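The chain contents come next:
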Amino acid sequence: MERTHSAGPALGAPAVRLEGMAKVTGTARYAFEHTPAGAAYAWPVAATVPCGRVTEVHVNEALSEPGAVAVLTHVNAPRLGECEDPILWVLQDDRVPHRGWCVALAVADTPEAACAMAAAVRVEYETWEPDTVLTADHPGLYACEEANGGAVGSRERGDFDASYGSAPVRIDATYTMGALHNHPMEPHAATAEWQGGALTVHDSSQGATTVQRMLAPLFGLEEERVTVISEHVGGGFGAKGTPRPQVVLAAMAARHTGRPVKLALPRAHMACAVGHRAPTIQRVRLGAGEDGVITALAHEVVTQTSKVKEFVEQAAVPARTMYTSPNSRTTHRVAALDVPTPSWMRAPGEASGMYALESAMDELAERAGLDPVELRVRNEPEVEPDSGKPFSSRQLIAALREGARRFGWYERDPRPRSRREGRLLIGTGVASSTYPVLMTASRAEARTEPGDVFRVRVNATDIGTGARTVLAQVAADALDVPLDRVSIDIGSSSLPAAPLAGGSSGTASWGWAVDKACRALRARLDEFGGEVPAAGLTAVADTSAELEKEAASPYAKHSFGAQFAEVQVDVDSGEARVRRLLGVFAAGRILNSRTAHSQFIGGMTMGLGMALLEGSTLDPVFGDFAERDLASYHVPACADLPRMEAHWLDEDDGRLNPMGSKGIGEIGIVGTAAAIGNAVYHATGVRFRELPLHPDRILAGLGRST
Amino acid sequence: MKSFSYVRPSDVDTAIAAVAADPAGSYLGGGTNLVDLMKLGVAAPGLLVDVSGLPLTEVTPTPEGGLSVGANVRNSDLAAHPLVRARYPALSQALLAGASGQLRNAATTGGNLLQRTRCLYFQDVGKPCNKREPGTGCPAREGVHRDLAVLGHSAHCVATHPSDMAVALAALDAAVRLRGPDESERTVPVTDFHRLPGDSPERDTVLEHGELITAVELPAPAPGRSAYRKARDRASYAFALVSVAAALDVRGGTVRSARLAFGGLAHKPWRARAAEEALVGAEATEESFGRAADAELSAAEPLRDNAFKVELARNLAVRVLASLAAPGGPDAPAAGPAPGARPPGPNSGS
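Bear in mind the structure is a predicted one, so any value in this text is a computation, not a measurement.

Chemist: Just to check I follow, could you spell out the overall build of chain A for this structure?
Modeler: Across its full length, chain A holds 16 helices and 28 strands. Scaling as 2.2 N^0.38, a compact globule of 706 residues should have a C-alpha radius of gyration of about 27 Å, and chain A matches this with 26 Å. Dimensions of chain A, computed from C-alpha atoms along their principal axes, come out at roughly 75 × 75 × 50 Å. Burial status across chain A gives 66% buried among its 706 residues. In chain A, once contacts between residues fewer than 6 apart in sequence are set aside, the share between residues at least 24 apart is 81%. For chain A, the accessible surface area stands at approximately 23700 Å², while carbon and sulfur atoms represent 50% of it. Positive and negative side-chain charges of chain A, numbering 68 and 86 respectively, have mean locations separated by a distance of 3 Å.

So, in structure tokens, the structure goes:
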């Protein structure tokens, strides 16, 4: 189905964030900043053993703290109903599946008192020997049926072994990375209040409808009796995509105590309690002809999940889309360990998988004696390799070429370790990016009354992306009115139901429903000759039918991009620093150039952190992540990002949605780490295949090379 | 958080008397570390005596040609002080290499010396730590210890001291001025102020309960030049993996005097006396700088995952000494190598 885009003046413009002033002046309220009368404060008690079970919880000392209200344990906490996500099954039994699991909840009149109470709760455990260390030959590894996102766990096309065995140019390399943490600036927080059997929560979440639908059966309520508000959210990066324990704990504590309860997870609890990107060990084998054209590709992923539930980082999935590969094997094997449960983190699968694949492509380019951009050009597939579907649009080569031009790529001497400034080795690297186009059905409503603005209602979530503003732009163009004639309400389950902000799908999903509702309203208005009747006009939209058709689309739909990096490596200290980072993205129509730019460079910044800085150590003895704060878990600082540029290509793809957009929240992180890693190789002549590229690793590598 | 009392006296002896009288009393400076530790449950003072109102805020030239730095002088002010920049560049550079701009604005000279280790086990009350709870054990020795000590550690503790400033002070022969109850005063060289862990890692310094740091005294600058260099994971707001402070006087190609201290290697700023001994009278060449560093670092006993610190310390020492010996002057940047912004030093093209 081909569509023509609305081409109004609002979309594409750098509209400023509608809530920007409220945020910078502090009037925008986040989940923990709502204080119903009589509110109490909750503080979780995290398990201090790696695995086992709780045998006794001593609460008397805690209850004698001034201001103490209650201690919830698995013995006295309200019983929960059905739950499809076992990480929410808190305080229901005595098991301790991993360190950091919530084993009690202190509730007090003040947060300080709750904290003191939590410290005074004494828990006795029966402990078991933990299994916490992932290895490529862990005996517990099994091939999963499905990886995250519904991708089939393992897939083979053609005959990889035979083709690889006879390929004249071969790469066989294994790439390793530890866990990464989302660590949004706003911790996971919730304020819960019960009134006459109805539950209202302010939750720091990426999707209030999702939270509502999860909470209702947990607490045995009809969905209508649960209201979830996520009006402003200070980042999530996937860690707030589905409900996390804080909202269940707050609601339980409020029910148990009969008071509204506020809970913000302490930063030190977050690494273990709210998900993370799982560690991966990725083996990539590429077999190619002398011309560099790939004949055999294997991407085999080993990763871990917890014993609470299976979550498999789908790192081998992008290899099913990226390059010509007549013979291909993409597999995921996972071991369930006594460790915290991994989950979504910005571009799950693509961020980790494209680090390995794009690093291997760089190795192949060198082995084949080709420029890395040219290698990718030669391996451009005509159709999506796994599905055989044509791409709705694919501008990978254009992005690579535009990036190469802007970056000055061809000015480099391709020989490794060929550029030196004093004690610094300088290098450049490139990698491709990709992210699928995802969309989910959504509802929306548009209404107007005489003399009023147009009011748009949709339970979208703005986690800092600019979604609120972009949706107002969509509405303005669909209504054919200036932006200031639109008022938009998002972030509450009392609004028309909508999917969560995740998978870079929010704007497309919500926007489609907003566009549809607004066009319907305009049509209604036309019926009245443009005069709003006294009773006002309302139009509602539901894109279920459109999305059902979409699922049967004959096209493969993905965004693509190219990342270029210049790094310096200090030969004395082993410090690798990025000098320049440049990304070019082809991601459909860009709906707001200001917020889109922020999304791209935000993703690239996170990719830089993944490449060079963000180190998390799973303590094998204690079974938790040793780095528990932002002083020890190093996200990039401004000094790490001297020059960053994000550009995008015009992309007119009529097969997407009425806005022609693809989604931009995640592609910025994809490929960044590989581009930086490839630049470090070019600088040093040493292949480092383990992230992050901390000075100790680089020094060791430089030592080996001389 | 445990409740505590708080007072903010305006004269030194009242403050000292208050802490001396209360075994659970503690001084509060800029609060950039102690308040965090209180939130984490690592520190639980019953009484906080806020010394930020005490008149210890001046940087005063001494008759001997040195400087006396009041304990309340903020790190950012000290780093920017013209006399510090001109005469003790290693100190200014070390200060600017530490923490973040916001923290430097709050942190004080006295408080900086008294900050606690950032060992991850020390900061997690859910895990054993001999420094936090003597006798509970040191999981870092076999656990996560990439950032921890390679010199002077003990079976009981492998923590490092986190200060950048103290490393420069150790190299510059600074001393800590202490005042105790009953108006007692003493001066302790910075090199003797912090302790090695031995079997009592809970004690970071030789400070007695109730004693207050009133000033840090810098002697007249030694001949030659000084510089500080720090290697770290992140370009700012990260503790040193290894740092080096050095002052070097070279004449006619021969080292006349040398002062060298390492950070990130030990429970205290590590004054490298063996290296200094090897340097004096030696030729000012990279080879002899390397030999001098080796003389010091041969005592290192790295743990499983931190042997890189020995090589890193050697490399940084050679580089800083070479930059100080070079005719053009030190190229050690003030706040670590700013990516892309580092001016080519005299060693460029080597």
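Chemist: Help me understand the sheet that holds strand 26 (residues 576-586) of chain A in this model?
Modeler: To summarise the sheet geometry, strands pair through backbone hydrogen bonds and adopt either a parallel or an antiparallel arrangement. All names here are of chain A. Spatially, five strands are ordered 19-20-25-26-27 in an open sheet, and the strand pairing comes out mixed. Among the strands making up the open sheet, the edge pair consists of strand 19 (420-421) and strand 27 (644-648). Where helix 14 (residues 593-613) meets the sheet, it contacts strand 25 (558-570), strand 26 and strand 27, and its direction lies at approximately 130° from that of strand 27.

Chemist: Explanation requested: the sheet that holds strand 10 (residues 242-251) of chain B in the structure shown.
Modeler: Residue and element names in this part refer to chain B. The four strands are arranged 9-10-11-12 in an open sheet whose pairing can be described as antiparallel. With partners counted over all chains shown, the strands left at the sheet margins are strand 9 (225-231) and strand 12 (270-271), one partner each. Two strands pair when backbone bridges link them, and strand 9 and strand 10 are joined in this way by seven bridges, in the antiparallel orientation. Its bridge partner lying in strand 10, Lys 230 is registered against Ser 243. Its contacts with the sheet place helix 5 (residues 89-97) against strand 9 and strand 10, and it is angled at close to 20° to strand 9.

Chemist: Please clarify how the environment of Val 670 of chain A should be interpreted in this entry.
Modeler: Residues and elements named next belong to chain A. Take Val 670: it is sitting in the loop between strand 27 and helix 15 (672-684). Residue classification places Val 670 among the buried positions, given a relative accessible area of 0%. For the pair Val 670 and Gly 529, spaced 141 residues apart in the sequence, the C-alpha separation amounts to 50 Å.

Chemist: In this structure, what is going on with the interface of chain B and chain A? I would like to understand it.
Modeler: The accessible area lost on association of the parts is a frequent measure of interface size. Taken together, the 37 residues of chain B in the interface contact 42 residues of chain A. Summed over both sides, the interface between chain B and chain A buries roughly 3200 Å², with carbon and sulfur atoms accounting for 55% of that surface. For the pair chain B and chain A, the interface holds five salt bridges. Between Arg 146 of chain B and Asp 696 of chain A there is a salt bridge, with the nearest N and O atoms lying 3.0 Å from each other. At the surface where chain B touches chain A, the tally comes to 14 residue pairs in polar contact (both at pLDDT 80 or more). Only strand 9 and helix 12 (308-325) of chain B provide two or more residues apiece to the side of chain B that touches chain A.

Chemist: Explain unusual backbone geometry here, please?
Modeler: Trans peptide bonds make up the majority, and among non-glycine residues the majority have a negative phi. Following Leu 691 of chain A, the chain continues to Pro 692 of chain A via a peptide bond in cis, the omega torsion being -5°. Counting through the fold element by element, Pro 692 of chain A comes out in the loop between strand 28 (690-691) and helix 16 (695-705). Of note, the phi angle at Glu 183 of chain B is positive, near 60°, even though the residue is not glycine. Looking at the element boundaries, Glu 183 of chain B is found in the loop between strand 6 (175-179) and strand 7 (185-189). The class of Glu 183 of chain B is exposed, set by a relative accessible area of 57%. Non-glycine residue Tyr 237 of chain B carries a positive phi angle of around 55°. Note on Tyr 237 of chain B: relative accessible area 32%, which makes it partly exposed.

Chemist: Could you clarify how one ought to interpret helix 5 (residues 208-218) of chain A in this entry?
Modeler: One turn of an α-helix holds 3.6 residues; hence residues three or four places apart share an orientation. All names here are of chain A. In terms of burial, helix 5 is a largely internal element, eight of the 11 residues being buried. Listing the buried residues of helix 5 in full gives Ala 208, Thr 209, Val 211, Gln 212, Met 214, Leu 215, Ala 216 and Leu 218. Lining the buried residues of helix 5 we find strand 13 (198-203), strand 14 (226-229) and helix 6 (245-257). Looking one or two places after helix 5, you find Gly 220, whose phi comes out positive at around 65°.

Chemist: Explain the packing of aromatic side chains here, please?
Modeler: Geometry of an aromatic ring pair is reported as the spacing of the ring centres plus the angle between the planes. All names here are of chain A. Within the structure shown, the criterion is met by 11 aromatic pairs over all chains. With 5.7 Å between their ring centres and 80° between their planes, Tyr 175 and Tyr 355 make a pair best called edge-to-face. With Tyr 175 in strand 11 (residues 169-177) and Tyr 355 in helix 8 (residues 350-368), this residue pair connects regions lying 180 residues apart in the sequence. No difference in accessibility class separates Tyr 175 from Tyr 355, as the two residues are buried.

Chemist: For this particular structure, what's the right way to read the packing of helix 14 of chain A against helix 15 of chain A?
Modeler: A pair of packed helices can be characterised by two numbers: the angle between their axes and the separation between those axes. Residue and element names in this part refer to chain A. Contact pair helix 14 / helix 15: the axes reach a minimum separation of 7 Å and the direction vectors enclose 50°. In terms of orientation, helix 14 lies oblique with respect to helix 15. Helix-helix and strand crossings are classified by hand; for helix 14 and helix 15 the assignment is right-handed. Along its contact with helix 14, which presents Gly 603, Met 604, Gly 607, Leu 608, Met 610, Ala 611 and Leu 612, the element helix 15 presents Thr 672, Ala 673 and Ile 676. A per-class count over the contact of helix 14 with helix 15 returns seven nonpolar, three polar and no charged.

Chemist: What is the right way to look at the nonpolar core in this model?
Modeler: Soluble globular proteins tend to bury their nonpolar side chains together. Counting 88 residues, the largest nonpolar core has Leu 286, Leu 357, Phe 564, Val 569, Leu 612, Ile 676 and Val 680 of chain A as its most contacted members. Here the element with the most residues in this core is helix 8 of chain A; it accounts for 10 residues.

Chemist: How do you make sense of the pattern of salt bridges when you look at a structure like this?
Modeler: Opposite charge on two side chains permits them to pair, given that their charged atoms come into close proximity. Taken as a whole and assessed by the stated rule, the structure comprises 69 salt bridges over all chains. Here Arg 259 of chain A and Asp 109 of chain A are joined by a salt bridge, their closest N and O atoms 2.8 Å apart. Pair noted here: Arg 259 of chain A is in the loop between helix 6 and strand 15 (261-264) and Asp 109 of chain A is in the loop between strand 5 (102-108) and helix 3 (111-120), with a separation of 150 residues, a long-range link. Residue classification places Arg 259 of chain A among the partly exposed residues on the basis of a relative accessible area of 25%. Three or more residues joined by partner-sharing salt bridges are found here, namely Arg 99, Asp 624 and Arg 628 of chain A together with Asp 124 and Lys 127 of chain B.

Chemist: So what exactly am I meant to see when it comes to the domain arrangement of chain A here?
Modeler: All names here are of chain A. When its domains are assigned, chain A resolves into domain 1 (20-28 + 439-551), domain 2 (34-129 + 185-235 + 240-273) and domain 3 (142-180 + 277-437 + 557-705). Centre-to-centre, using C-alpha coordinates, domain 1 lies 35 Å away from domain 3. On the side of domain 3, 19 residues touch domain 1, which itself brings 17 residues to the contact. Between domain 1 and domain 3, roughly 1300 Å² of surface is buried when both sides are summed, and carbon and sulfur atoms account for 57% of that area. Together, Met 439, Thr 465 and Ser 504 form the three largest contributors to the area buried by domain 1 at its contact with domain 3, with a combined 35%. The tally of links between domain 1 and domain 3 comes to one salt bridge. Where domain 1 meets domain 3, there are six residue pairs in polar contact (both at pLDDT 80 or more). Elements with a contribution of two residues or more to the side of domain 1 that touches domain 3: helix 11 (467-479) and helix 12 (506-527). Tallying contributions element by element places helix 12 first for the side of domain 1 that touches domain 3, with five residues.

The rules behind these values
- Residues numbered from 1 in each chain as written.
- Chains lettered and ligands numbered in written order.
- Predicted model: local features only at pLDDT ≥ 70, side-chain atom pairs only at ≥ 80, totals over all residues.
- Heavy atoms only, no water.
- Helix = DSSP H or I, 4+ residues; strand = E, 2+ residues; numbered from the N terminus.
- Rg over C-alpha atoms; globule rule 2.2 N^0.38 Å.
- Buried < 20%, exposed > 50% of the residue type's maximum accessible area, 1.4 Å probe, protein only.
- Contact = heavy atoms within 4.5 Å.
- Areas by Shrake-Rupley, 256 points an atom, 1.4 Å probe, with all protein chains shown as cover.
- Lys, Arg positive; Asp, Glu negative; His and termini not counted.
- Charge placed at Lys NZ, Arg CZ, Asp CG, Glu CD.
- Pairing = 2+ DSSP bridges.
- Axes fitted to C-alpha atoms, helices over the stretch in contact; angles between N-to-C directions.
- Buried area = accessible area lost by both parts, 1.4 Å probe.
- Salt bridge = Lys/Arg side-chain N within 4 Å of Asp/Glu carboxyl O.
- Polar contact = N/O pair within 3.5 Å; in protein donor to acceptor, adjacent residues only side chain to side chain.
- Phe/Tyr/Trp six-rings, centres within 6.5 Å; stacked < 30°, edge-to-face > 60°.
- Parallel < 35°, antiparallel > 145°, perpendicular 65-115°, else oblique.
- Left-handed = near helix turned anticlockwise from the far one by under 90°.
- Nonpolar A, V, L, I, M, F, W, Y, C, P; charged D, E, K, R; others polar.
- Core = buried A, V, L, I, M, F, W, Y, C linked by side-chain atoms within 4.5 Å.
- Domains from an automatic or database assignment.

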